[in-house]
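Chain by chain, the residues run as shown.
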Amino acid sequence: MESVTARPAPRPTDDSAVYWNAIARHELVAQRCDGCSTLRHPPRPMCPHCRSLEWCEQRLAGTGSLYSYAVLHHPRSPAFDYPVLVALVDLDEGIRIVTNLVDIESRDIRIGMRLRVAFEATSDGAAVPVFGPDPNDTVPA
Ligand SMILES: [Zn+2]
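A. Fine view of the coordination of the zinc ion. Here the zinc ion is held by the protein donor atoms Cys 33 (SG), Cys 36 (SG), Cys 47 (SG) and Cys 50 (SG), which lie 2.2 to 2.3 Å from it. Bound by four donor atoms, the zinc ion shows angles of 98 to 114° at the metal and therefore tetrahedral coordination geometry. Counting the intervening residues between successive donors of the zinc ion yields the motif C-x2-C-x10-C-x2-C. Placement of Cys 36 in the loop between strand 1 (29-33) and strand 2 (39-40) and of Cys 47 in the loop between strand 2 and strand 3 (55-59) is noted, with a sequence separation of 11 residues between them. Classification of Cys 36 as partly exposed rests on a relative accessible area of 31%.

B. Here's a closer look at the environment of Ile 104. The residue Ile 104 is located in the loop between strand 6 (96-100) and strand 7 (114-121) in this model. Along the backbone, Ile 104 and Leu 72 are 32 residues apart, and their C-alpha atoms lie at a distance of 14 Å.

Calculation criteria
- Residues numbered from 1 in each chain as written.
- Predicted model: local features only at pLDDT ≥ 70, side-chain atom pairs only at ≥ 80, totals over all residues.
- Heavy atoms only, no water.
- Donors = N, O, S within 2.8 Å, 3.2 Å for Na, K, Ca; no water.
- Tetrahedral: all angles 85-135°; square planar, octahedral: opposite > 155°, others 65-115°.
- Helix = DSSP H or I, 4+ residues; strand = E, 2+ residues; numbered from the N terminus.
- Buried < 20%, exposed > 50% of the residue type's maximum accessible area, 1.4 Å probe, protein only.

Now the structure itself:
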């Protein structure tokens, strides 16, 4: 079923603009600390490990595995199709991201399943990262 209203666009902050600009290009990135090389997400000004304020942008593969999820039925917003599948995905680079699952029925979800990023358009011509089953997943169901 098509959504009645376009999904709301992200609202980048000074810290998250690099992340959302990459998403708009359909690239998934994270901050890598210049002081200790630790990847971090969500974007923030300071490294939680070494307190460095210096960082660079690192492109990520966009693959990972399902850590946990929730099936949301309420409260409903016209911008989403229900149920909304909210997931915590452990990316292969070692950081965890909050996202939505797409292209899967809730009964087919399994913890640890391999996932791959996709990009869903929002209002204002922006995009958000979502994850669906990885077509390269060779683990038998
Ligand atoms: Zn650091």
